[in-house]
Amino acid sequence: MNPASHVDLARRLFQHVKTNHAATGKDRTALVKKSRYMSPERFAQEREHLFATTPQIVAHASELVEPGACMTVDVAGISLLLVRGADDEIRAFRNACRHRSTELVPEDAPCRKKAFVCRYHGWTYDLTGRRIHVPHLPSFDGLDADRDALVPAHAHVHGGFVWASLAPFDPAAHLGALDEDFALLDLGASRVHARASREVRGNWKLIVDAFLDGYHIRHLHRDTVYRFFFDAQSEAEAVGPHIRAATARRTLAEVNEITLENAPIRELVTPSYSIFPNTVLVLHPDYTSVMRLEPLAADRTRFVHTMLVSGEVSAEKKDHFDKSFALIDQGVFASEDLAVVESIQRGMQSSADELMLFGELEFAAKWFHDAVDSVVGD
Ligand code: FES
Ligand SMILES: [Fe+2]
């Protein structure tokens, strides 16, 4: 079902397209300090004050379906091990053995375990994190209570996603007014069809900026997706620290305003969300892109892109989704958006400008940077 907010964004874009008025009428520009993207001190503050305390989407629930399904994610520089237990609960633990801190699961890719056996000396933990075996146990004098389990973090499944944090949290409270959108989008009924993970030589906020700006579609994506979209026809609104946005597709010019309410909205506009702080959702006509940004350093980010699809996937559809993912993941995001992010990170070294300039068509980035500043401090 279309959230009413999507119909509203589509209606506003419809008016802009009809009147050929690209500007959003906000008549504003914004300046963001270049050091926000480059300074290791700022990065350390973000880790401490933002990423260590704010709930984050870390996976889609369909990535951890069977008991024993597991994966690792980076939260505030800490590797967390996510696992579904035999009781169907998804739990998060610090990914470090209680003996001498060897990572229990070294890889970033999804895994499947009956128990976690440390490869160094064989300490073993069950899927609830309880320590169940220590080779030569009597050689440890007085080993018991404080090392009898993996150290837990906080995890919840909500809106189809797995959320995690180092601190206790309520995902619905974090989403605020967006929780209603999530309920209607029913992304829990989708599942991951494809996943790609890559390291980007750029600050994580440059990637969020890239997905908040409809101004670049005509130039950067000229040979790929520009043919589907109008030039600079995006609308956005701040929802707490999050941003809800939509970009007009060319098909929007072919409909009648009266029919918008019941129209297949995702064929007319492409809704997107910046879920504060580090997830971006893009709702393409027949699938959803989820981008999770794991900040590794001021100038390095792990970019994890998953494709969510729903319904039966026939062989023919699988082929279609595989091709769509290759086009959007490699052909558009990696070759165009992320390539520019890396170029900006290098360009900032050469630039004489201390401030990054955002025009009226890129103004949503200002809301995002203000939300970061309100948590991390100015
Ligand atoms: S570090 Fe894990 S068993 Fe020794
Ligand atoms: Fe783009």
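Computed from a prediction, not measured in an experiment: that's the story for all the values here.

About the cut-offs
Every chain's residues receive numbers from 1 upward, in the order its sequence appears when written. Just so you know, chain letters begin at A and ligand numbers begin at 1, following the order they were written in. Per-residue local features of the predicted model are confined to residues with pLDDT of at least 70, and side-chain atom pairs are confined, for both listing and counting, to 80 or more; whole-chain, interface and lining totals are unaffected and use all residues. Only hydrogens and water are set aside when side-chain values are computed; all heavy atoms of the structure are taken into account. The split into domains, and so the bounds of each, comes from an automatic or database assignment of domains. Only heavy atoms enter the contact rule, under which two residues are in contact if any of them lie within 4.5 Å. Two parts lose some accessible area (1.4 Å probe) when they are put together, and adding that loss for both gives the buried area. Criterion for a salt bridge: a side-chain nitrogen of Lys or Arg within 4 Å of a carboxyl oxygen of Asp or Glu. Burial classification: accessible surface area is computed with a 1.4 Å probe over protein chains only, and a residue below 20% of its type maximum counts as buried, one above 50% as exposed, and the rest as partly exposed. Under the DSSP-based scheme used, a helix requires at least four consecutive residues in state H or I and a strand at least two consecutive residues in state E, with every element numbered from the N terminus. Note on pairing: two strands pair once DSSP finds at least 2 bridges between them. Pairs of cysteine sulfur atoms within 2.5 Å are identified as disulfides in what follows.

K.L.:
How do you make sense of the domain arrangement of the protein chain when you look at a structure like this?
P.N.:
You'll often see interface size given as the accessible area lost when the parts meet. Domain boundaries assigned for the protein chain yield domain 1 (4-54 + 177-376) and domain 2 (56-160). Taken residue by residue, the interface counts 24 residues in domain 1 and 18 residues in domain 2. A buried area of about 1,600 Å², summed over both sides, lies between domain 1 and domain 2, and 52% of it is on carbon and sulfur atoms. Considering only the surface of domain 1 that becomes buried against domain 2, Phe182, Arg195 and Arg292 emerge as the three largest contributors, covering 31% of it. Counting across the interface, domain 1 meets domain 2 through one salt bridge.

K.L.:
Explanation requested: the pairing of strand S16 (residues 279-283) in the structure shown.
P.N.:
Working note: regular strand, side chains alternate between the two faces of the sheet. With five of its five residues buried, S16 lies for the most part within the structure. Going residue by residue along S16, you find Thr279, Leu281 and Leu283 tucked away on one face and Val280 and Val282 tucked away on the opposite face as well. The antiparallel hairpin formed by strand S15 (residues 269-275) and S16 contains three residues in its connecting segment. By the bridge criterion, five bridges tie S16 to strand S17 (residues 288-297) in an arrangement that is antiparallel. Within S17, the position partnered with Val280 by the bridge is Met291.

K.L.:
Which parts of the structure should I look at to understand the environment of Val134?
P.N.:
Within the secondary structure layout, Val134 lies in the loop between strand S9 (131-133) and strand S10 (154-158). For Val134, a relative accessible area of 8% gives the class buried. As a C-alpha pair, Val134 and Val117 span 17 residues in sequence and 9.9 Å in three-dimensional space. Apart from the residues within four sequence positions on either side, Val134 is in contact with Trp123, Phe140 and Leu143.

K.L.:
Explanation requested: unusual backbone geometry in the structure shown.
P.N.:
Keep in mind that most residues, glycine aside, have a negative phi and that most peptide bonds are trans. Omega for the peptide link from Phe276 to Pro277 comes to 0°, which places this bond in the cis form. Summarising the element assignment, Pro277 is placed in the loop between S15 and S16. In this structure, Ala76 is a non-glycine residue whose phi angle is positive, near 55°. Summarising the element assignment, Ala76 is placed in the loop between strand S3 (69-75) and strand S4 (78-84). Among the residues examined, Ala76 registers a relative accessible area of 16% and is labelled buried. For Ser101, which is not a glycine, the phi torsion comes out positive at approximately 75°. Residue placement: Ser101 occurs in the loop between strand S5 (90-94) and strand S6 (111-112). Accessibility expressed as a relative area gives 51% for Ser101, which makes it exposed.

K.L.:
What's the story with the state of the cysteines in this structure? I'm lost.
P.N.:
A disulfide bridge is the covalent bond that connects two cysteines by way of their sulfur atoms. Inspection of every chain in the model, using the stated rule, returns one disulfide. Between the sulfur atoms of Cys70 and its disulfide partner Cys111 the distance amounts to 2.2 Å. Pair noted here: Cys70 is in strand S3 and Cys111 is in strand S6, with a separation of 41 residues, a long-range link. Across this residue pair, the class does not change: Cys70 and Cys111 are buried.

K.L.:
I'm lost on the pattern of salt bridges in this one. Help?
P.N.:
Two side chains that carry opposite charge are able to pair once their charged atoms sit near each other. If you walk through the whole model with that rule in mind, you get 23 salt bridges. With a closest N to O distance of 2.9 Å, Glu199 and Arg300 form a salt bridge. In this pair, Glu199 sits in strand S12 (residues 191-200) while Arg300 sits in strand S18 (residues 300-309), placing the two residues 101 residues apart along the sequence. Judged by relative accessible area, Arg300 falls into the partly exposed class, the value being 25%. Here the salt bridges do not stand alone but share partners, grouping Asp8, Arg12, Asp181, Glu235, Glu237 and Arg244 into one network.

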